[in-house]
Every structure is written in structure tokens, then in C-alpha cells.
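Observations on chain architecture
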Amino acid sequence: MLAIKSPRAYAHEPGLRARTGQFIKSYATHIRIFTSPRAWQAVNPQLTQSLETCGIRWEIEYLHGECTDAAIDTLKSNLQQQQAELLLAIGGGRVLDAAKAVGSQLPEITVVNFATVAATCAAWSPVAIIYDAQGGHVRSQPLGKMPELVLVDSEVIAQSDVRYLKAGIVDALAKYYEFYPYLRHNPHDLALDLKVMTAQRALDVYRQHGAAAVLANQQQRVTPDLVKVIDASIVLAGLANSVRDVLPTPGFAHAIHNRLTHQPELHHWLHGEKVGYSLLVQSLIEHDGEPDAALLALLRQYDMPLTLAPLHGDRRAAIRSIAEQIKFPAASAERLPFRISADALEQALLATENAF
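A brief look at the structure comes next. Because the structure is a prediction, the values reported are computed rather than measured. (Residues numbered from 1 in each chain as written. Predicted model: local features only at pLDDT ≥ 70, side-chain atom pairs only at ≥ 80, totals over all residues. Heavy atoms only, no water.)

**Some remarks on the packing of aromatic side chains**
Rules: Only Phe, Tyr and Trp rings take part, Trp by its six-membered ring, and two of them pair if their centres are within 6.5 Å. Stacked means planes under 30 degrees apart, edge-to-face means over 60, and tilted covers everything else. Helix and strand assignments follow DSSP, with helices taken as H or I runs no shorter than four residues and strands as E runs no shorter than two, numbered in order from the N terminus. Only protein chains enter the calculation, and the probe is 1.4 Å; a residue is then buried if its accessible area is under 20% of its type maximum, exposed if over 50%, and partly exposed in between. In our convention, an over-ring charge means Lys NZ or Arg CZ found within 6 Å of a ring centre and within 35 degrees of that ring's normal.
Tallied over the full model, the rule gives 6 aromatic pairs. Aromatic pair Tyr10 and Trp124: ring centres 6.0 Å apart, planes at 65°, arrangement edge-to-face. Taken together, the positions of Tyr10 in strand S2 (residues 9–12) and Trp124 in the loop between strand S6 (110–115) and strand S7 (127–131) put the pair 114 residues apart, joining distant regions of the chain. Using a relative accessible area of 9% as the deciding quantity, one classes Trp124 as buried. Ring-pair connections join several aromatic residues into one group, and the members of that group are Tyr176, Tyr177 and Tyr180. Sitting above the plane of the Phe179 ring, Lys195 keeps its charged end 4.1 Å from the centroid.

**Comments concerning a nonpolar patch on the surface**
Stated formally: Surface patches are defined over residues having more than 30% relative accessible area and no salt bridge, joining like charges when they lie within 9 Å and nonpolar side chains (Val, Leu, Ile, Met, Phe, Trp, Tyr) when within 5 Å. Only the protein chains shown count as cover for residues, with accessible areas throughout obtained via the Shrake-Rupley method and a probe of 1.4 Å. Here, a salt bridge means any side-chain nitrogen of Lys or Arg that lies within 4 Å of a carboxyl oxygen of Asp or Glu.
Residues Leu2, Ile4 and Leu190 make up a contiguous nonpolar surface patch of roughly 280 Å² in combined accessible area. You can see Ile4 is positioned in strand S1 (residues 3–4).

**What to know about the packing of helix H7 (residues 162–183) against helix H12 (residues 293–301)**
Operational definition: As a rule, the C-alpha atoms of each element are fitted with a line to give its axis, helices using only the stretch in contact, and angles between N-to-C directions run from 0 to 180 degrees. For this classification, under 35 degrees means roughly parallel, over 145 means roughly antiparallel, 65 to 115 means roughly perpendicular, and everything else is oblique. Throughout, a residue-residue contact means that at least one pair of heavy atoms, one from each residue, lies within 4.5 Å. Throughout this entry, Asp, Glu, Lys and Arg are counted as charged residues, while Ala, Val, Leu, Ile, Met, Phe, Trp, Tyr, Cys and Pro are counted as nonpolar. The remaining residues, Gly among them, count as polar.
Interhelical geometry of H7 versus H12 gives an angle of 170° and a closest axis separation of 11 Å. With respect to each other, H7 and H12 are oriented roughly antiparallel. The residues of H12 that touch H7, namely those facing Val170, Leu173 and Tyr177, are Ala294, Leu295, Leu298 and Leu299. Classifying every residue of the contact of H7 with H12 by side-chain character gives 7 nonpolar, no polar and no charged.

**Some remarks on H7**
Stated formally: Helices are assigned an expected span. That span is 1.5 Å times one less than the residue count. Throughout this description, a polar contact denotes any pair of N or O atoms lying within 3.5 Å of each other; where both atoms belong to protein, one of them has to be capable of donating a hydrogen while the other can accept it, and for residues adjacent in sequence the pair is counted only when both atoms sit in side chains.
The end-to-end C-alpha distance of H7 is 33 Å, a good match for the 32 Å that 22 residues give at a rise of 1.5 Å each. Burial analysis of H7 places 19 of its 22 residues in the buried class, the great majority of the element. Two or three places before Arg163, at the opening of H7, Asp161 has a side-chain oxygen 2.9 Å from that residue's backbone nitrogen.

Here it is in C-alpha cells:
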């Protein structure tokens, strides 16, 4: 069975934060805002002025740490106590994922996601990524309900650190390199074909507009190139994740990423940076120790880490431990055209010790 689970609507324009109230008032006039201090600063004073003009009452709650089960439970409790009609999440992946998780548990609550960075496809993606308090991956939680609306203001994203845009580009292009290998053994799977075609379109956007978009972000300017890249990182990557079938096709590089989140020395890496390094590891396994040249060029172009940071203790033993603890479903591994094992992972991780 093929299924596509996506938000009901998507709105992206420069200056949108000043019209947020107009989008919200058709759904509710009593809302809870869930955000981070940095994201809240990035959208104001325009957003609060817009809410006030539209007669919308709100209470605000900040996420100061990770998207944890505890943070989700607290937000859920506060929403119910407030009796809010709508949850407006403003921020990056952690904020948006927590809001999605809560909305999925409360059918009566409308969720609107306002993405302030284009570092992931979290605003759109049909899963919430749950971490522990230290930032280690716990699980990827499928959503029973999607956001009603996703809002993006390219002026806000143009003001953000360009590192987020680069990480988002790599997290999105990963979808192609993760999904395409499945086609070799599953050429007639329509869901997989749709995922790969959508991911390929995002990759094409980055090849044509990625460099110009990065330059625009560095100059804090909104340009057509930046707009196209933002849409590719949120919509196209999110849509590729939204197509589902009976047979799962999880991304192998993301499975490597999940283990890397438990490495304290790597906590300063963004999600997309961990994914970028993990793509290199996947490519080394897939191509018998020689990374795909086009992929490697993209990783270099967007300044992804190509070797592990210094690790505590014996480095070789730490790498072996990482390799042994990477988890990937056996049924999904059988659908891939390369063999996954702890030994193969260890050899690929060690290969990244050399300069690429």
C-alpha cells in the first residue's frame, strides 16, 4: 500500500512573519507558542505585532534543551492546562519535532510549524526524532497526525548562520544517496520510485543553485536561488520522506548518524553534518573503499566533516565500538545492494581517518 503523509499546506515568502496572525486566525484565536529564545528573537517584533493585530491571545513556552520525552510530556500538559486551540511551533528541528509529537497525541489540537532555519526537513517530515537529555538518538517516532500548516520566511532564514543552510542541503541530498541504492533490487516499487524522483529533484536544485544560495545567505540577502534551495531542503526532502510503502526503506546514513549522536565529542556537529560524514561512510561501504566522486565533491562544497573529531580514550577501540553499535533493520539491509556488517563499518570508519 502506497501512502503519502504531508502537511495540509505550505506557505513561504519573505516577510511572512509579519502576516503570521492572518494565517493563524482562521484556525484559532487562543494559542500556545512553543519556541527557543533564539528563534523567538529572529521572528520578532513583527510576529507578535501580527498576532496582536489579529486579536490572537497566546502563552509562550521555551525549549531549552533536546526534543525529549520529558519535554514532550511537559508541553502536552501545559497545552491541556491552557486549553489552547492551536500550537504554533517556531524554530528548528528540535522545537518542530516536539510540537509534532504533541500534536500527534492530541487530535483536537491544530499544529502550525514555522521554520526559522533550513537545517533539516523537520517542518514537513512525518516523523519526530526523539533524543535523550544528552542529545543521543532514542527513536524516530512516526506521526499519527501532521501539521496543518508549514510557514517559512526566507528573510528569517537569510539572517541565520549559513552553517545551517549547508547542513540542511546535505541532509536533504542524503535522501537521494540513501534511497537510490534500494532501486537496484526493487525496480518496480512505485513508492520507492517516487521517493527517488523527488530526492533527485532536490539534488538537481542544489547542483544548479546551491553555491549561489550559500552566497546569498552569507550576504543575508533573499534571492531566487536561496528560495529554491530552502524549498528543496524543506518541501522536496520532506516529501521524499513522506512517501511510504509496506516495505520500509530507511536511510542507512541516518542509521549511522543515530549512533554518532551518542558520541559526546560530536555534539557540536549539526544533524546534517553528522549525516554528511555518515554518507561518506556509506559510500565507502557501497563502493568497496572508494567514495562516490560526485558525493565527495558535494560534501566538500558544503564543508562537511570528513573524519571523526578527536575521541576519548583509545581511538581504534572507540571506532570499533561505534561500528558494533550501529543498528539497521535486517529486512531493510536485505533490500540494499551492499553488505552491512560491523566489520565493514569499522573498515569504512577507519578509512575516513585518511584525508579525502
